[in-house]
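# Structural features, examined
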Amino acid sequence: MFFTKPAYEEINLPFRLIDVPDDLEAGLINIEAYGNVFGKNKYCYAFYELKSAKMYDNGDFKQMIELLKNSIGKTVKVIIKLKKGVPKDFKIDINSLAEVYCDERFKSLSLLGWGFNDQSYKELSSK
């Protein structure tokens, strides 16, 4: 058989806001979940925008950023895509993020891009 269906596993990982001033100014939210993913240290970096422009104007964006700055000790559900038992991709569960803060506004995040890396955003951006 040439093609095998990918498998999906859910794990909880700690996460942090990646504070990139230019991205924050542009209205982007950068989140990195990190930790042991099936025996390897992985960094699940994703960046989002808000689905509604009103959320920038009414202060929701700034309030959400402040909540994310205080994410120490919190975890989020990450769905890992496995091909032949090897982690290949991920998705941060936005509903899980909303539950962490008891704040439905996080369900308004729209994914723009991601990276599944062996190094953290900080390590990659310093090169």
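Report follows, based on the coordinates. Every chain is numbered on its own, with residues counted from 1 as its sequence reads. Side-chain atom pairs in this predicted model are given and counted only at pLDDT of 80 or more, local residue features only at pLDDT of at least 70, and totals for whole chains, interfaces and linings cover all residues. Excluding hydrogens and water, the side-chain figures rest on all heavy atoms present in the structure.

### Topic: the side chain of Asn 30
Among the structural elements, Asn 30 can be located in strand S2 (residues 29-37). A 3.5 Å cut-off defines polar contacts: any pair of N or O atoms within that distance qualifies, except that in protein one atom must be a possible hydrogen donor and the other a possible acceptor, and neighbouring residues in sequence count only when both atoms are side-chain atoms. At 3.1 Å, the side chain of Asn 30 and the side chain of Asp 23 are in polar contact. Here the side chain of Asn 30 touches Tyr 45 through a polar contact of 2.8 Å, side chain to side chain. The contact criterion used is simple: two residues touch if any of their non-hydrogen atoms lie within 4.5 Å. For Asn 30, the residues in contact, after removing those within four places along its chain, are Arg 16, Leu 17, Ile 18, Val 20, Asp 23, Tyr 45, Ala 46 and Phe 47. Starting at the N terminus, helices and strands are each numbered in turn, a helix being any DSSP run of H or I of at least four residues and a strand any DSSP run of E of at least two.

### With respect to a positive patch on the surface
Residues Lys 40, Lys 83, Lys 84 and Lys 88 make up a contiguous surface patch of positive charge. Note on placement: Lys 40 falls in strand S3 (residues 40-50). Each residue's exposure class comes from its accessible area (1.4 Å probe, protein chains only) as a fraction of the maximum for that residue type: buried when under 20%, exposed when over 50%, partly exposed otherwise. Residue Lys 40 is classed as exposed on the basis of its relative accessible area of 54%. Only residues above 30% relative accessible area that lack a salt bridge enter a patch, with like-charged residues linked at up to 9 Å and the nonpolar side chains Val, Leu, Ile, Met, Phe, Trp and Tyr linked at up to 5 Å. Exposure was quantified through the Shrake-Rupley algorithm and a 1.4 Å probe, taking into account, for residues, occlusion by the shown protein chains and nothing else. Counted as salt bridges are all cases of a side-chain nitrogen of Lys or Arg within 4 Å of a carboxyl oxygen of Asp or Glu. For this count, His and the chain ends are skipped, Lys and Arg are scored as positive, and Asp and Glu as negative. Here the site of a charge means NZ on Lys, CZ on Arg, CG on Asp, or CD on Glu.

### A few points about the nonpolar core
Residues belong to a common nonpolar core when they are buried Ala, Val, Leu, Ile, Met, Phe, Trp, Tyr or Cys residues joined through side-chain atoms within 4.5 Å. Among the nonpolar cores identified, the biggest contains 31 residues, and Ile 29, Leu 68, Val 78, Ile 92, Leu 97 and Leu 109 are the most heavily contacted of them. Secondary-structure elements contributing two or more residues to this core are strand S1 (7-17), S2, S3, helix H3 (60-69), strand S4 (75-83), strand S5 (86-92), helix H4 (94-101) and strand S6 (109-117).

### A few points about H3
Every buried residue belonging to H3 is among Asp 60, Phe 61, Met 64, Ile 65 and Leu 68, and all of these are buried. One side of H3 holds all its buried residues, which, seen down the axis, span an arc of 135°. Each direction from the helix axis to a C-beta atom contributes to the arc, which is the arc of those directions.

### Some details on the pattern of salt bridges
On inspection of all chains with the given rule, the structure shows eight salt bridges. Between Arg 16 and Glu 32 there is a salt bridge, with its nearest N and O atoms 2.8 Å apart. Taken together, the residues Arg 16 in strand S1 and Glu 32 in strand S2 connect sequence positions 16 residues apart. Its relative accessible area of 1% is what places Glu 32 among the buried residues. Between Glu 104 and Lys 107 there is a salt bridge; the shortest N-O distance is 3.0 Å. We classify Lys 107 as partly exposed; its relative accessible area is 36%. Beyond isolated ion pairs, a larger network of salt bridges with shared partners links Glu 10, Lys 77 and Asp 93.

### Section: the sheet that holds S5
Overall, antiparallel pairing links the six strands, which are arranged S5-S4-S1-S2-S3-S6 in an open sheet. Two strands in the sheet have a free side with no partner beyond their single neighbour: S5 and S6. Between one strand and the next, the sheet's axes are offset by a mean angle of 35°, whatever the strand orientation. By the bridge criterion, six bridges tie S4 to S5 in an arrangement that is antiparallel. For Leu 82, the partnering residue across the bridge sits in S5 and is Pro 87. The rule for pairing is simple: two strands pair if DSSP sees at least two bridges between them. All axes are obtained by fitting lines to C-alpha atoms, using only the stretch in contact for helices, and the reported angles, taken between N-to-C directions, cover 0 to 180 degrees.

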